[in-house]
Amino acid sequence: MNAIKSFLIIPLLVGVLYGCNDDNDIDQDEVVTGNNEAGQTENTDNDTVEQTTDNQNTGNSEYNFIHFDLDVDYPNDISFDVEYTKNQDVVGVEVDDEINNVELKGDAANEQIAPQLAKLTFDENTSDDEVLNEVLSAFNLEEDYQIIELEVKFNNGNVKRYKFKN
């Protein structure tokens, strides 16, 4: 009888321990080491700006944000996507530029996109129109976009989501 109980308890314990796993799955192809904290980006479908605040202070970054996710859709299913995430000393960067047929991750993406990210000076108090103009200018994007979705997590932990339709 004890053997049956042991046989049933072991899979249960394995399942519980696996569920408690705190492993951060990071794709090493997308990792760039740095000295600042991480940022991430995401997309939203809201026409207005939403703002949320995290309880933790994320510290300083070389940019005004620690997370930047830009998705621009153009006619004929062409898109331009940039994702920058900084978490402690780990930076993840991806560029998927269908306009110029460029797809980069990690160091190569970071090297290409760093000058454009450095041009972005807006913060959570900047007007939507100014944010749009800064993004279009920094990335040399054409104004014939169909939709632009942008999510930014600023250094102070505030998250703002933007959606611009043309």
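Predicted model only: the values in this text are computed from it and were never measured.

## Some points on the packing of aromatic side chains
Summed over the entire model, instances satisfying the criterion amount to eight aromatic pairs. Plain terms: the ring middles of F68 and F139 are 6.0 Å apart, the flat faces sit at 25° to each other, and that makes the pair stacked. Of this pair, F68 sits in strand β3 (residues 65-74) while F139 is found in the loop between α3 (128-138) and β7 (147-154), placing the two residues 71 residues apart along the sequence. Residue class for F68 comes out buried when judged on its relative accessible area of 0%. Summarising the aromatic geometry, the rings of F122 and F154 are spaced 6.1 Å apart at their centres and angled 85° between planes, so their arrangement reads as edge-to-face. Residue F122 is found in the loop between α2 (106-119) and α3, and its partner F154 is found in strand β7; the two are separated by 32 residues along the sequence. Classification of F122 by relative accessible area gives buried; the value is 1%.

## Remarks on the nonpolar core
For soluble globular proteins, the rule of thumb is that nonpolar side chains tend to be buried together. Judged by nonpolar contacts, the single largest core of 31 residues is most densely connected at F68, L70, L117, L120, F122, F139 and L150. Among the secondary structure elements, those contributing two or more residues to this core are β3, β4 (78-87), β5 (90-97), α2, α3, β7 and β8 (158-165).

## Quick word on unusual backbone geometry
Phi is positive for D77, which is not a glycine, with a value near 55°. Relative to the assigned elements, D77 resides in the loop between β3 and β4. A positive phi is found at Q88, a non-glycine position, where the angle reads about 55°. When you line up the elements, Q88 lands in the loop between β4 and β5.

## With respect to the environment of D81
Locating D81 in the fold gives a position in strand β4. Residue D81 is classed as buried on the basis of its relative accessible area, which comes to 19%. A C-alpha to C-alpha distance of 5.5 Å links D81 and L70, two positions 11 residues apart in sequence. Excluding residues that lie within four positions of it along the chain, D81 makes contacts with L70, D71, V72, E94, V95 and D96.

## Focus on α2
With 14 residues, α2 extends 20 Å between its outermost C-alpha atoms, agreeing within 8% with the 20 Å of an ideal straight helix rising 1.5 Å per residue. Bending of α2 peaks at approximately 45° at the position of I113, with proline P115 no more than four residues after it. Taken together, the buried positions of α2 are G106, A109, N110, I113, Q116 and L117.

## Some words on a negative patch on the surface
A surface patch of negative charge is lined by D73, D77, E98 and E103. With respect to the helices and strands, E103 occurs in strand β6 (residues 102-105). Residue classification places E103 among the exposed positions, given a relative accessible area of 61%.

The rules behind the values
- Residues numbered from 1 in each chain as written.
- Predicted model: local features only at pLDDT ≥ 70, side-chain atom pairs only at ≥ 80, totals over all residues.
- Heavy atoms only, no water.
- Phe/Tyr/Trp six-rings, centres within 6.5 Å; stacked < 30°, edge-to-face > 60°.
- Helix = DSSP H or I, 4+ residues; strand = E, 2+ residues; numbered from the N terminus.
- Buried < 20%, exposed > 50% of the residue type's maximum accessible area, 1.4 Å probe, protein only.
- Core = buried A, V, L, I, M, F, W, Y, C linked by side-chain atoms within 4.5 Å.
- Contact = heavy atoms within 4.5 Å.
- Expected span 1.5 Å × (residues − 1).
- Bend = angle between axes of the 7 residues up to and from the residue.
- Patch = residues over 30% accessible without salt bridge, like charges linked within 9 Å, V, L, I, M, F, W, Y side chains within 5 Å.
- Areas by Shrake-Rupley, 256 points an atom, 1.4 Å probe, with all protein chains shown as cover.
- Salt bridge = Lys/Arg side-chain N within 4 Å of Asp/Glu carboxyl O.
- Lys, Arg positive; Asp, Glu negative; His and termini not counted.
- Charge placed at Lys NZ, Arg CZ, Asp CG, Glu CD.

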